[in-house]
Structure formats: structure tokens, C-alpha cells
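# Chain and residue survey
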Amino acid sequence: MKSPQLTFAIFGNTYQLEKSASISRIISHLRNIHAHIAVEESFYEFIKEHIDCPFVPDEIITSHNVSANFAISLGGDGTFLKCAEFIGNREIPIIGINTGRLGFLADNTPEETAELLEGLIEGKYSIEKRSVLQLISPQDGISLTPCGLNEIAVLKHDNSSMIGIEVYIDNHYLNTYQSDGLIVSTPTGSTGYSLSNGGPIVAPLSGTVVLTAVAPHSMNVRPFVINDECTIRMKVTSRNHNFLLTIDGRSQSVSDQEWLIIRKAPFRIHIVRKYGKDYFETLRNKLMWGADKR
């Protein structure tokens, strides 16, 4: 019996030419397995203008109402996060093909594409379902997509002094942070912005959320891990009466009159793992975890 045709939605980096140069190879592999190829509109316009890759996709993705068996993120982790934002609650499994630097989320190389696609056809792959954070409130005046695979953070503006962040966990007062900001991170985001501020590395399926202060004024403040079923409420005070709200790197200025309410989103982001590859292998290879050069 002939296998049903698979549909792949492709998203890519539209800023750095060298990060999208592998698109010809990816398209060739997809054609070899007779896939239905859909390409996000802005990425298709980019490759038409800058890359010698004369192909016409079967479909141009012009809205978030995308339907596919798999999505391909071609770039670095930033591109992967944008792809995850676009996919949202559709739970389309995402394949990260790394043409960037670190590539912790996008942990497959372009050279592995053919093997990876064959594995998809044969069912030799696994899916990791990663939790997502959602900004519940405020809704008025917030133009950002309210969900983040990595983190939701509040930060001071560059030209302001540190801010105060009053935090409640399930209506229980935790602390008022005096700092440059506070990062609320998923396990996926624990190896990102949170880690660079001293936060712990957290296993992806641990069911937790990490609160990590940015440059805290007190040495007694340490990262704090809570259950991801908790609801987090925050009230920011600032001399400028506003602060930066960031969700996976997207940012907007918000009035400090607003309470922020954050909880786990009712959906997860599905990440494709090549057969035989796991998170801990990526941890060792990308972050040199446990490496001793002595």
C-alpha cells in the first residue's frame, strides 16, 4: 500500500543569508520523498531574492491557519522560537535544522536531513512535548503573542534604575525582587536566558517553572523552582512607571499599573527527535556538559 503524502511547512531565517543557504538541499530531500511542500511567505520571498534555488512550493503559507504533518525550522534557536510562535496550539511536530551557532532546540544538522526524513517515513523518531507559558493578564494593550516556549520576563528599560517585582505563587506571597528583572522560564528555556543569569538546567519533562532574577540587589536571592501547575502573579514598580515585558525575545513596554498573571498554557509544543538522539546527548554536545579538558 502506498504511504500517504506528507506535508511539510518550512520556516526559515530571513536576516542572515548564510543561515538559509541549505534550503536547496532540504527541498531536494523533500522532493525525493514526494512530500507536499509549504513555505512561509516571508521566507519564500527571501529565498527567491537572495538564493539560487529555482523551485515553486506546492503552497505558500500566508496565515497562522497552517495545516501540516511536520514543520521544519531552518536556522538557529531564534528561528525555532518564531516557528513555535507561528504553530501555536496546533501541536504540529517541529523539526529543528540548525544552520546557526549553538542550535540547542534546532539540534539537527543539514547533513542529517535525508536520514531524518527517512526515519519519519519509517516511524523511527520520537516526539517531545514541551510545556509553554501563557500570559493570562493583562490582555488589553498587549500586542505580543501571549505564549512563550522559553520564557516570559519582566525587565527594566535600559535608561532606568532597577525595578521592584512583587511576586505571588497561587496567591501566596513569595518575595519582592529588587533587580533588573525577573525571568519566568519553562524547562525548555532553562538553558537560555535563565541559565545566563545563574538559573539551573531543568530536564524538559520535569513539570516545573523556574524564577530567576536578573542582577538582584540582594545576595540572598537565588533561582526558585515551582510546579508548573502554579499561577504566578506579579506587580512591577518602576521610577519610570513602565517596564519591558518580553516573551521569547519579543518585547513591549507595559505600564507598571498592570498586574501580570502567568500560568502554563493548555497546549504543548511538539519537538521531533531523531531516532536514537535524546535531550541529554544534546546537553553534552551543545553545552559541553560534564566535559573536563584537563
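Residues numbered from 1 in each chain as written. Predicted model: local features only at pLDDT ≥ 70, side-chain atom pairs only at ≥ 80, totals over all residues. Heavy atoms only, no water.

## Looking at the pattern of salt bridges
Applying the stated rule across the entire model yields 14 salt bridges. A salt bridge links D58 to R31, with the shortest nitrogen-to-oxygen separation between them at 3.4 Å. Taken together, the residues span a long stretch of sequence, with D58 in the loop between α2 (41-50) and β3 (59-61) and R31 in helix α1 (residues 23-32) at a distance of 27 residues. Residue class for D58 comes out partly exposed when judged on its relative accessible area of 41%. In this structure, the salt-bridge partner of K124 is E122, at a minimum N-O distance of 3.6 Å. Here the salt bridges share partners, and the residues they tie into one network are D107, E128, R130 and R273. (Salt bridge = Lys/Arg side-chain N within 4 Å of Asp/Glu carboxyl O. Helix = DSSP H or I, 4+ residues; strand = E, 2+ residues; numbered from the N terminus. Buried < 20%, exposed > 50% of the residue type's maximum accessible area, 1.4 Å probe, protein only.)

## Digging into the side chain of T246
With respect to the helices and strands, the residue T246 is situated in strand β15 (residues 242-247). For T246, a relative accessible area of 9% corresponds to the buried category. With sequence-adjacent residues up to four places away left out, T246 is seen in contact with E151, I152, A153, L155 and S251. (Contact = heavy atoms within 4.5 Å.)

## Details of the environment of V132
Structurally, V132 can be placed in strand β6 (residues 125-137). Residues V132 and C147, spaced 15 residues apart in sequence, show a C-alpha to C-alpha distance of 6.5 Å. For V132, the contacting residues outside a window of four places in its chain are C147, G148, L149, T186, R263, K264, A265, F267, R268 and I269.

## Let's talk about the packing of α1 against helix α4 (residues 113-122)
Running from N to C, α1 and α4 cross one another at 30°; their axes reach a closest spacing of 10 Å. Classified by the interaxial angle, the pair formed by α1 and α4 is roughly parallel. In this structure, α1 crosses over α4, and the sense of that crossing is right-handed. Here I26, H29 and L30 of α1 lie close against α4, whose contacting residues are T113, A114 and L117. (Axes fitted to C-alpha atoms, helices over the stretch in contact; angles between N-to-C directions. Parallel < 35°, antiparallel > 145°, perpendicular 65-115°, else oblique. Left-handed = near helix turned anticlockwise from the far one by under 90°.)

## Some details on the packing of aromatic side chains
Enumeration according to the criterion identifies seven aromatic pairs in this entry. Between Y279 and F280, the ring centres sit 5.5 Å apart and the planes meet at 85°, which makes this aromatic pair edge-to-face. Note on Y279: relative accessible area 5%, which makes it buried. Pairwise contacts between aromatic rings join F8, F70 and Y125 into one cluster. Its guanidinium or amino end placed over the ring of W259, R233 lies 4.8 Å from that ring's centre, counting from NZ or CZ. (Phe/Tyr/Trp six-rings, centres within 6.5 Å; stacked < 30°, edge-to-face > 60°. Lys NZ or Arg CZ within 6 Å of the ring centre and 35° of its normal.)

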